[in-house]
Amino acid sequence: MKDSLFIKAAFSEKTERPPVWMMRQAGRFMPEYWEIKNKYSFLEMCKTPEIAADVTMLPVDLLGIDAAILFSDILVTGEAMGGDLSFTAGVGPKFANPVRTQADIDRLDTEVVHKLQYVADAIKVVQQRLNGSIPLIGFAGAPFTVMSYLVEGGSSKDFKLTKLLMHNHPELAHQLLSKIAKVTAGYLNLQIAAGVNAIQIFDSWAQALAWDDYKEFSHRYIVEIISQLDRKDIPVISFCKGSSVFAPLMAEAKPDVISIDWNVDLLDIKHRLPQGIAVQGNLDPHILYADKKVIKERIHRLFERMRGENGFIFNLGHGIMPDIPFDNVKYAVDVIKEFRY
Ligand code: CP3
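Residues numbered from 1 in each chain as written. Predicted model: local features only at pLDDT ≥ 70, side-chain atom pairs only at ≥ 80, totals over all residues.

(A) Structural detail: the overall build of the chain. If you tally the helices and strands in the chain, you get 15 helices and 9 strands. Considering the chain as a whole, with its 341 residues, one finds that 47% of them fall into the buried category. Taking the intrachain contacts of the chain between residues at least 6 apart in sequence as the baseline, contacts between residues at least 24 apart amount to 72%. (Helix = DSSP H or I, 4+ residues; strand = E, 2+ residues; numbered from the N terminus. Buried ≥ 20, exposed ≤ 12 C-beta atoms within 10 Å, placed from the backbone. Contact = placed C-beta atoms within 7 Å.)

(B) Quick peek at the site of the ligand. Not every one of the 24 residues close to the ligand is listed here, only the nearest: Ala26, Gly27, Gly92, Ser204 and Gly319. Its residues assigned to classes, the shell around the ligand comprises 12 nonpolar, 8 polar and 4 charged. (Near = placed C-beta within 6 Å. Nonpolar A, V, L, I, M, F, W, Y, C, P; charged D, E, K, R; others polar.)

(C) Spotlight on the sheet that holds strand 9 (residues 312-316). With parallel pairing, the 7 strands of this open sheet are ordered in space as 1-4-5-6-7-8-9. Edge positions in the sheet fall to strand 1 (68-69) and strand 9, since each has one partner strand and no second. In the sheet, strand 5 (residues 198-203) pairs with strand 6 (residues 236-240) via 5 bridges, with the strands oriented parallel. Bridge pairing in strand 6 links Gln200 to Ile237. The strands touched by helix 7 (residues 117-130) are strand 1 and strand 4 (136-141); relative to strand 4, the strand with the most contacts, the crossing angle is about 155 degrees. (Pairing = 2+ DSSP bridges. Axes fitted to C-alpha atoms, helices over the stretch in contact; angles between N-to-C directions.)

(D) Just helix 15 (residues 326-338), in detail. Between its first and last C-alpha atoms helix 15 spans 19 Å; for 13 residues at 1.5 Å apiece the expected length is 18 Å, and the two agree. Inspection of helix 15 places Val329, Ala332, Val333 and Ile336 among the buried residues, and these make up the whole buried set. The arc that holds every buried residue of helix 15, seen down its axis, measures 95 degrees, which confines them to one face. Exposed side chains of helix 15 directed beyond 90 degrees from the buried face belong to Asp327 and Glu338. At its buried positions, helix 15 is contacted by helix 4 (49-63), helix 14 (292-306) and strand 9. (Expected span 1.5 Å × (residues − 1). Arc of directions from axis to C-beta.)

(E) Expanded view of the UniProt feature "site: Transition state stabilizer" (unreviewed entry) in the chain. According to UniProt, the "site: Transition state stabilizer" (unreviewed entry) feature falls on Asp73. Note that Asp73 resides in the loop between strand 1 and helix 5 (76-80). With 19 C-beta atoms counted inside 10 Å, the residue Asp73 sits in the partly exposed group. (UniProt positions renumbered as here; feature names shortened; annotations may be inferred.)

(F) Quick peek at the pairing of strand 4. Burial within strand 4 is extensive, with 6 of its 6 residues counted as buried. The two faces of strand 4 match: Leu136, Gly138 and Ala140 on one face and Ile137, Phe139 and Gly141 on the other face are all buried. As judged from the 5 bridges shared by strand 4 and strand 5, these two strands associate in the parallel manner. Across the sheet, the residue bridging to Ala140 is Ile201, located in strand 5.

(G) Representation of the UniProt feature "binding site: substrate" (unreviewed entry) in the chain in the model. Mapped onto the present numbering, the UniProt feature "binding site: substrate" (unreviewed entry) falls on Arg24, Gln25, Ala26, Gly27, Arg28, Asp73, Tyr149, Ser204 and His318. Excluding residues that lie within four positions of it along the chain, Gln25 makes contacts with Pro59, Leu63, Ile65, Ile69 and Ile320. Assignment of secondary structure puts Gly27 in the loop between helix 1 (5-10) and helix 2 (31-37).

(H) Representation of the nonpolar core within the structure. Grouped together as the largest cluster of nonpolar side chains are 111 residues, with contacts concentrated most on Ala68, Leu70, Ile137, Leu177, Ile199 and Ile201. Among the elements that line this core, the one with the most residues is helix 10 (residues 170-194), at 10 residues. Those residues in contact with Ile137 that lie beyond four places of it in its chain are Ala67, Ala68, Ile69, Leu70, Val196, Ala198 and Gln200. (Core = buried A, V, L, I, M, F, W, Y, C linked by C-beta atoms within 7 Å.)

(I) The packing of helix 7 against helix 10, seen in detail. The geometry of helix 7 relative to helix 10 is characterised by a closest axis approach of 9 Å and an angle of 30 degrees between their N-to-C directions. In terms of axis orientation, helix 7 runs roughly parallel to helix 10. Considering how the two elements wind past one another, helix 7 and helix 10 form a crossing that is right-handed. Judged by residue contacts, Val119, Ala120, Ile123 and Lys124 of helix 7 engage Leu190, Gln191 and Ala194 from helix 10. In terms of residue class, the contact of helix 7 with helix 10 is made up of 5 nonpolar, 1 polar and 1 charged. (Parallel < 35°, antiparallel > 145°, perpendicular 65-115°, else oblique. Left-handed = near helix turned anticlockwise from the far one by under 90°.)

(J) Representation of helix 11 (residues 211-228) within the structure. Taking 1.5 Å of rise per residue, 18 residues should cover 26 Å, and helix 11 covers 24 Å from first to last C-alpha, within 8% of that figure. At His219, helix 11 shows its maximal bend, which comes to roughly 40 degrees. Of all the positions in helix 11, only Tyr214, Phe217, Ser218, His219, Tyr221, Ile222 and Ile225 are classed as buried. Looking at the buried positions of helix 11, the neighbouring elements they touch are helix 8 (143-152), helix 9 (160-168), helix 10, strand 5, strand 6 and helix 12 (243-252). (Bend = angle between axes of the 7 residues up to and from the residue.)

(K) Broad picture of the confidence of the model for the chain. Looking at the chain as a whole, its pLDDT mean stands at 97, while 100% of the residues score no less than 70. Note on the complex model: pTM 0.97, ipTM 0.93. (pLDDT = per-residue confidence, 0-100.)

(L) Representation of the packing of helix 10 against helix 11 in the model. Look at helix 10 against helix 11: their axes get within 9 Å of each other, and the N-to-C directions meet at 30 degrees. The orientation of helix 10 with respect to helix 11, classified from their angle, is roughly parallel. Seen from above, helix 10 lies across helix 11 with right-handed handedness. Note on element contacts: helix 11 touches helix 10 through Phe217, Tyr221, Glu224, Ile225 and Gln228, opposite Ala173, Leu177, Ala181, Thr184, Ala185 and Leu188. Each residue belonging to the contact of helix 10 with helix 11 can be placed in one class, and the counts come to 8 nonpolar, 2 polar and 1 charged.

Right, here's the structure in full:
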């Protein structure tokens with residue numbers, strides 16, 4: 001796998017073109033996803049290795065991307081710890097037993113990695129199907145982002161309860177974050193042992209945090225997790241919304257790649273990072289709603305900016321929205337794969 005475009009770019013080695021994959025590529029913008037989703041619940045899909053593998057393979061087979069990402073969710077760690085998790089169409093994820101008090105935190109279990117064996121099983125099925133063709137990315141949520149779902153009981157616009165816990169009861173927030181970090185490190189090592197070729201840590205909602213709070217309540221736990229990974233020759237990608245601001249701090253956690261949102265010039269930020277850290281990104285996903293002429297022009301603009309740079313993986317600044325036309329995503333992948341440095 002070390003000769004794959006994706007792994008080479010992740011380790012800042014020279015490639016003939018940037019590799020491409022897209023966050024949320026294994027999801028709802030594909031009609032074929034709905035054929036499966038109409039038969040099972042989302043958690044059933046995650047927990048049945050053959051089905052998780054089927055969905056993981058959809059963008060591999062239909063788009064021809066350069067890396068697969070395991071079909072799962074960042075909230076499975078919270079569920080394994082004792083969160084009563086459900087996903088409802090139009091509502092999104094819910095934890096029916098939110099974690100807000102000392103007693104709630106005490107109830108969360110950390111000896112739970114064995115409960116996530118279904119993820120290891122899915123990884124093995126996917127690797128049989130990929131048969132060495134492209135790398136498989138495993139992932140987990142960062143402690144702050146997972147904490148926000150546990151505390152709020154679901155998605156949130158302002159993270160009011162999470163921030164109140166952090167600001168009024170920092171010792172409780174740290175207990176909770178430490179528990180999540182411990183489970184997350186064990187969970188990622190389970191994925192590595194099962195055979196993933198790369199790891200991405202999703203801190204999707206970090207941009208809600210002030211700089212000091214990001215350092216204290218998010219960054220610190222990502223450092224802890226990355227330092228505990230049994231990395232071997234597996235690149236680690238650190239993603240957050242807000243990376244355009246936090247990237248220099250994110251670099252201190254020593255990931256191989258930082259995934260950058262679309263609020264910043266990708267080359268400028270790369271030059272501000274230590275040598276040897278690759279960047280991933282950073283097209284605004286909304287570009288994929290636009291006319292094909294615009295899609296091509298914006299992708300080329302990004303490539304011209306990054307021409308001659310080692311260590312660039314094409315991705316979106318955040319995930320594909322479910323209503324983006326499949327045809328536009330396919331077109332974007334084709335445009336990227338025709339490009340040469
Ligand atoms: O990238 C991939 O395609 C791999 C699979 C993947 C999913 N979720 C599948 C999914 C990954 C990497 C995730 C990560 C995830 N989950 C994140 C971080 C990524 C990001 O975009 O920032 C977050 C914040 C979650 C939590 C989560 N899971 C939410 C908020 C939702 C609902 C979103 C909504 O709009 O309803 C989910 C559900 C989910 N995860 C779906 C998929 C395909 C949709 C489930 C369905 O079919 O209804």
